[in-house]
Amino acid sequence: MLKYKLLQLNVPIMLVNFILNILSERYIKLTHEDSCESRVVWRGLPQGSVLSPLLYDIYTYDLESSLNNEVKVLQYADDLLLYCPNNSVTTACDSLSSGLNLLKKWMDNNGLELSTAKSTVVLFSRMRLPPPVYVYYDNVPIPVKSSVKFLGLILDSKLSGLPHCEYIAARCEQRINILRCLSGVWWGAHPFSLKLIYNAIVRSVLDYGTFLLEPGNLAAFKRLDAIQSKALRIVTGAMKSSPINALQVETVDPPLSLRRQYLSDKFLFRALQFSNHPLRAKLESLLEETNSSHYWSHKSPPCLVVSYKKYLALQAPTYKSITFPLFCNSYESLVFTPNVILNLGINKNDNCIKELFNFSKSIHWDNWHHIYTDASKHSSSGNVGVGVFHSQYNIVQKVKLPPESSVFTGECFGLLKALEYVRLMKLGKTVIFTDALSALQAIKKYPFKSKPVFPIILIIRSLLYQCIKLGFQVSLVWIPGHCNITGNVKADHLASEAVECGDVFPYINFAHDLASLPKNFLWDDWSKSWANSSINKGNYYARIQSCIPKKPWFAKLNFNKAATSCLIRMRIGHNCSKLHLARLQIVDSALCECGEIGDLNHIFFSCPLLDHEPFISSLLSYKIPFPTSIPVLLATKDPNIYMYLVAFISLNNIRI
């Protein structure tokens, strides 16, 4: 049957025979105690083989077409989900039962079986008292339950997300115990190492699939927020009273609601690069539903709908392909070796670099056409300009790309335009000079071994291969930029002009450029949220850390856990000083043992019970103006000042 389906899909007969020879007459060994028995296997696919998932997909490619039109199919390997959207529960049950009868026939014809005991029927409805549900497979009723687990995601009948969040919370509680074993408040692993472990074993579980369930049960998602708060307190050694918004900024771990939206944006922007992606039509109908239905008038829209609105708000269309970009190009264009020269023998620091370049050019490419390309982007929100300059004919071209484009894409687009010009003008020998080292490295790299696949790089390789087939010689050469090389200076000037007045055809975005947008959206939303929330909660910390850093401050400071925890508590403002403990009503008095108010400034500058001389001397030698305060010192985020604070904490054995 597999052979028949491979031939149906026009797989070459030699490849079909090769696959079947691998699968046929396989031997397996069964070992029991002291006996060992060998058997010949004629059916099935070897478990763990890299080819098995692909062959299984080929084997079941006609499954969906064998069912009736009312039943929709979601399939991932051998996990199969059938659903039937309908306003009538009875009609939906009849359609599913009919579809399952057709599925039974297909499975019988293909030698497969379905276990009804492991199957589940769930009615997704907002009805308070739904009617009874009866769905049959081969005249056997399938069990009806209130929830089902599909691909690790628990879907309940109300799509509230409550069972899935409870399942996630239980898993995370077990993993948080690993963090507890690795560190306490004053001992254990460094907070940055703990943060990496938290990202790997806890946050990854919190992330999986949750953006599909929002908006759901608020209490369920608040439980996940509590999991995050608990884990971050263990990582940092912060007190339980610490405000969670400050703790999130301190560890650079965004609120889970914003992170769910970020994951949704990231998924959707990558998925919509395919023109035939099935999610596109579903999102169109869902967007229309959320805009017109009264049900959504008082609810937040789903994360995917918000992401789709962001996608539609982009100024330029997105480059789309029918399939994975690698498969849109000929095999020959992917495996040939382009003539890319990354080392011309001149460096940016050389004296007389312009003369050295002209000498090298006259030796290697004297009678060739010389084309220079460059790209420019003046600001993160501005357009990308591309400049192309043919020095012999004094022909120039200026192209403008959307604001979402990167300089890398602009540099690649300049090479693409230069190659189009070579083919159009039928230039026999051409050398293209560019200062875009990363673009040339991507072109030279073997596409099948390159993890990030850039469509524009594949288009360039295809165009290069066409030029070679036409008998043209084309070399791509890297030159150092901003070194007063005449052609490069001209191309750079053209690129700067193109930002404002370049040709806008084709004005498109590429998926690899859109991949950076979700992080920008996340940072903008988080910055606004932090600015608003810190007015009421975490305002002390906001005076020390007004903006969200890219990395935690303790990432590069190798203090021990006790000292780092002290500094974190001091920065957040929730610490074990007498003053703060009195505010929390943990102690009766805010007075230090010496009789004065026991705040941080008193501890570090004036308490007679502690040795301040080395600390104050260090600050004076570092030219810190006095009088000063601990919040002012912490707000500098100066590693040397933090080192002086740690030295004082260690000298006096303080646990704040």
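These figures come from a predicted structure and were not determined experimentally.

Draft legend 1. Just the sheet that holds strand β9 (residues 340–341), in detail. One open sheet accounts for 6 strands, arranged β9-β14-β13-β10-β11-β12; its pairing is mixed. With one partner strand each, in any of the chains shown, β9 and β12 (395–401) form the two edges of the open sheet. Pairing of strand β10 (residues 369–377) with strand β13 (residues 429–434) involves 5 bridges; the strand directions are parallel. The residue bridging His 369 from the neighbouring strand is Thr 430, located in β13. With respect to the sheet, helix α14 (residues 407–425) is in contact with β10, β11 (384–390), β12, β13 and β14 (473–478), its orientation differing from that of β10 by roughly 155°. This element, helix α15 (residues 437–444), spans β9, β13 and β14 of the sheet and lies at about 135° to β14.

Draft legend 2. Up close: the packing of α14 against helix α16 (residues 455–469). At a minimum axis distance of 10 Å, the contact between α14 and α16 shows a crossing angle of 20°. With respect to their mutual orientation, α14 and α16 come out roughly parallel. Both α14 and α16 take part in a crossing whose hand is left-handed. Only Ile 456, Ile 457, Ile 459, Ile 460, Leu 463, Leu 464, Gln 466 and Cys 467 of α16 make contact with α14, whose side of the interface consists of Phe 408, Thr 409, Cys 412, Phe 413, Leu 415, Leu 416, Leu 419, Glu 420, Val 422 and Arg 423.

Draft legend 3. Inspection of helix α9 (residues 256–271) at higher detail. Its 16 residues place the ends of α9 22 Å apart at the C-alpha level, agreeing with the 22 Å of an ideal helix rising 1.5 Å per residue. Burial of α9 is extensive: 12 of the 16 residues sit out of reach of the surface. Every buried residue of α9 is listed here: Leu 256, Leu 258, Arg 259, Arg 260, Gln 261, Tyr 262, Leu 263, Ser 264, Asp 265, Leu 268, Phe 269 and Ala 271.

Draft legend 4. Summary view of the packing of helix α6 (residues 191–207) against helix α7 (residues 218–236). Packing of α6 against α7 leaves a shortest axis separation of 9 Å and a crossing angle of 165°. Comparing the axis directions of α6 and α7 gives the class roughly antiparallel. Viewed along their axes, α6 and α7 form a crossing whose handedness is right-handed. Where α6 abuts α7, its residues Pro 191, Leu 194, Lys 195, Tyr 198, Val 202 and Leu 206 lie against Leu 224, Ile 227, Gln 228, Ala 231, Leu 232, Ile 234 and Val 235. Taken together, the residues of the contact of α6 with α7 break down into 11 nonpolar, 1 polar and 1 charged.

Draft legend 5. Broad picture of the nonpolar core. Val 202, Leu 206, Leu 567, Met 570, Phe 604, Phe 615 and Ile 630 are the most contacted members of the largest nonpolar core, which has 84 residues in total. With 8 residues, α7 is the single largest residue contributor to this core. If you look at the next biggest cluster of nonpolar residues, it comprises 35 residues, including Val 340, Leu 416, Leu 440 and Ile 460.

Draft legend 6. Spatial organisation of the side chain of Lys 400. Tracing the sequence through the fold places Lys 400 in strand β12. Buried Lys 400, no salt bridge; nearest opposite-charge side chain is Glu 500, N-O distance 6.2 Å. A polar contact of 3.5 Å, which involves the side chain of Lys 400, links it to the backbone oxygen of Glu 500. Residue contacts for Lys 400: discarding those within four places in its chain leaves Asn 383, Val 384, Ala 498, Val 499, Glu 500, Gly 502, Asp 503, Val 504 and Tyr 507.

Draft legend 7. The arrangement of the pattern of salt bridges in detail. One pass over the full model with this rule turns up 11 salt bridges. The partner of Lys 5 in a salt bridge is Asp 62, with the nearest N and O atoms 3.0 Å apart. Of this pair, Lys 5 sits in helix α1 (residues 2–8) while Asp 62 sits in the loop between α3 (52–59) and β3 (72–76); the two residues are 57 residues apart in sequence, bridging distant segments of the chain. Both residues of the pair, Lys 5 and Asp 62, belong to the buried class. Linking Arg 259 and Asp 207 is a salt bridge whose minimum nitrogen-to-oxygen distance equals 2.9 Å. You can see Arg 259 sitting in helix α9 and its partner Asp 207 sitting in helix α6, a full 52 residues away along the chain. In this pair, the class of Arg 259 matches that of Asp 207, namely buried. A single network of salt bridges, built from pairs that share partners, joins Lys 195, Arg 203 and Asp 253.

Cut-offs applied
Residues numbered from 1 in each chain as written. Predicted model: local features only at pLDDT ≥ 70, side-chain atom pairs only at ≥ 80, totals over all residues. Heavy atoms only, no water. Pairing = 2+ DSSP bridges. Helix = DSSP H or I, 4+ residues; strand = E, 2+ residues; numbered from the N terminus. Contact = heavy atoms within 4.5 Å. Axes fitted to C-alpha atoms, helices over the stretch in contact; angles between N-to-C directions. Parallel < 35°, antiparallel > 145°, perpendicular 65-115°, else oblique. Left-handed = near helix turned anticlockwise from the far one by under 90°. Expected span 1.5 Å × (residues − 1). Buried < 20%, exposed > 50% of the residue type's maximum accessible area, 1.4 Å probe, protein only. Nonpolar A, V, L, I, M, F, W, Y, C, P; charged D, E, K, R; others polar. Core = buried A, V, L, I, M, F, W, Y, C linked by side-chain atoms within 4.5 Å. Lys, Arg positive; Asp, Glu negative; His and termini not counted. Salt bridge = Lys/Arg side-chain N within 4 Å of Asp/Glu carboxyl O. Polar contact = N/O pair within 3.5 Å; in protein donor to acceptor, adjacent residues only side chain to side chain.

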